[in-house]
Amino acid sequence: MFEGSKRRKLISELLTVAPSNCSAPRWASSLFSSSSRMLKFSFQANGWGAEIANKLARKCDVVNRGLSGYNSRWAKIVLPRLINSPNSADNIAAVTVFFGANDCALEDKNPQQHVPLQEYSENLKEITRLLASAGVSADRVIFITPPPVHEPAWEKECILKGCPLNRHNSAVGQYAQACVQTASQCGTDVLDLWTLMQKDGQDYTVYLSDGLHLSQKGNQFVSQHLWELLESRVADLPFILPYWGDVDPKSPESSLL
């Protein structure tokens, strides 16, 4: 956590952004998510997390908290452990919450991950309340809906794993809508991937690598639209430590301490 430094931090799928005048570690964004592939892979080359981190270089740290296979029910249980930190919540500028892709799994085909629609909404509200109790206000939270599912491609993946198709795009849409509605009720921002990726009848399959997870173009799509929500939150943050050309070579301590 870079104790005692002036670093700001961003957590993947739980995105936090901190003001620039804090002396404690600052979280620019925290990413909290249901899929290690959505999040862990987002920090690989051309991943959306890597793109956001690059934009925030020397301003904020991006912290990845992708939890492979998790749903919102499990997320609300582990969240207190993730946000239990001695650092002030004033250091957090934004938090992204990216759940729903597992919650919407069909109950009869994947009961372990499935979460009923109403409970999903309540879980998002509880996550918002938990963040608020830690000092992260709703205006610093960004919900991200699950992206659409391309059933033919995902069914092939399911068959390879020895199971039937376990997600329908129509069901994903219901969870995405619930996420948008809950964001409105909680006063958070929301990035509606399910709607945006299918807007005007465009071919959304280019945004998916296997019918469910993001492709390179999908990562670029998320990065572009998420940055539109983040940019105003971090625009005024100064660079951490001075530009090298501004360091006094005769007395670097005077510039760096």
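What you see is a predicted model; the values in this text were computed from it and never measured. (Residues numbered from 1 in each chain as written. Predicted model: local features only at pLDDT ≥ 70, side-chain atom pairs only at ≥ 80, totals over all residues. Heavy atoms only, no water.)

Enquirer: Hey, could you go over the overall build of the chain for me, with residue numbers and the actual values?
Expert: Looking only at helices and strands, the chain features 9 helices and 6 strands. For the chain, the proportion of its 257 residues judged to be buried stands at 51%. Long-range contacts, defined as pairs at least 24 residues apart, comprise 70% of the intrachain contacts of the chain with a sequence gap of at least 6. With an accessible surface of roughly 11,900 Å², the chain has 51% of that area assigned to carbon and sulfur atoms. (Helix = DSSP H or I, 4+ residues; strand = E, 2+ residues; numbered from the N terminus. Buried < 20%, exposed > 50% of the residue type's maximum accessible area, 1.4 Å probe, protein only. Contact = heavy atoms within 4.5 Å. Areas by Shrake-Rupley, 256 points an atom, 1.4 Å probe, with all protein chains shown as cover.)

Enquirer: Requested: an account of the side chain of histidine 225, with residues and values cited.
Expert: Note that histidine 225 resides in helix H8 (residues 216-234). Assessed through its relative accessible area of 15%, histidine 225 is described here as buried. Among residues more than four places away in sequence, those in contact with histidine 225 are Leu191 and Leu196.

Enquirer: Describe unusual backbone geometry, with residues and values.
Expert: Here the phi dihedral of arginine 58 falls at roughly 70°; this positive angle occurs in a residue that is not glycine. Here arginine 58 lies in the loop between helix H2 (48-55) and strand S3 (61-66). Judged by relative accessible area, which is 35%, arginine 58 ranks as partly exposed. Although it is not a glycine, aspartate 200 sits at a positive phi angle of roughly 60°. Among the structural elements, aspartate 200 can be located in the loop between helix H7 (193-196) and H8.

Enquirer: Give me the packing of aromatic side chains: which residues, what numbers.
Expert: Using the criterion set out here, one finds 5 aromatic pairs in the structure. The ring of phenylalanine 239 carries lysine 59 above its face, with NZ or CZ at 5.7 Å from the centroid. (Phe/Tyr/Trp six-rings, centres within 6.5 Å; stacked < 30°, edge-to-face > 60°. Lys NZ or Arg CZ within 6 Å of the ring centre and 35° of its normal.)

Enquirer: Could you give an account of the packing of helix H3 (residues 72-83) against helix H4 (residues 117-133), with specific residues and numbers?
Expert: Running from N to C, H3 and H4 cross one another at 5°; their axes reach a closest spacing of 9 Å. When the axes of H3 and H4 are compared, the pair comes out roughly parallel. Residues Ser72, Arg73, Ala75, Lys76, Leu79, Pro80 and Ile83 of H3 form the contact with H4, whose participating residues are Glu119, Tyr120, Asn123, Glu126, Ile127, Leu130 and Leu131. A class-by-class count of the residues in the contact of H3 with H4 yields 8 nonpolar, 2 polar and 4 charged. (Axes fitted to C-alpha atoms, helices over the stretch in contact; angles between N-to-C directions. Parallel < 35°, antiparallel > 145°, perpendicular 65-115°, else oblique. Nonpolar A, V, L, I, M, F, W, Y, C, P; charged D, E, K, R; others polar.)

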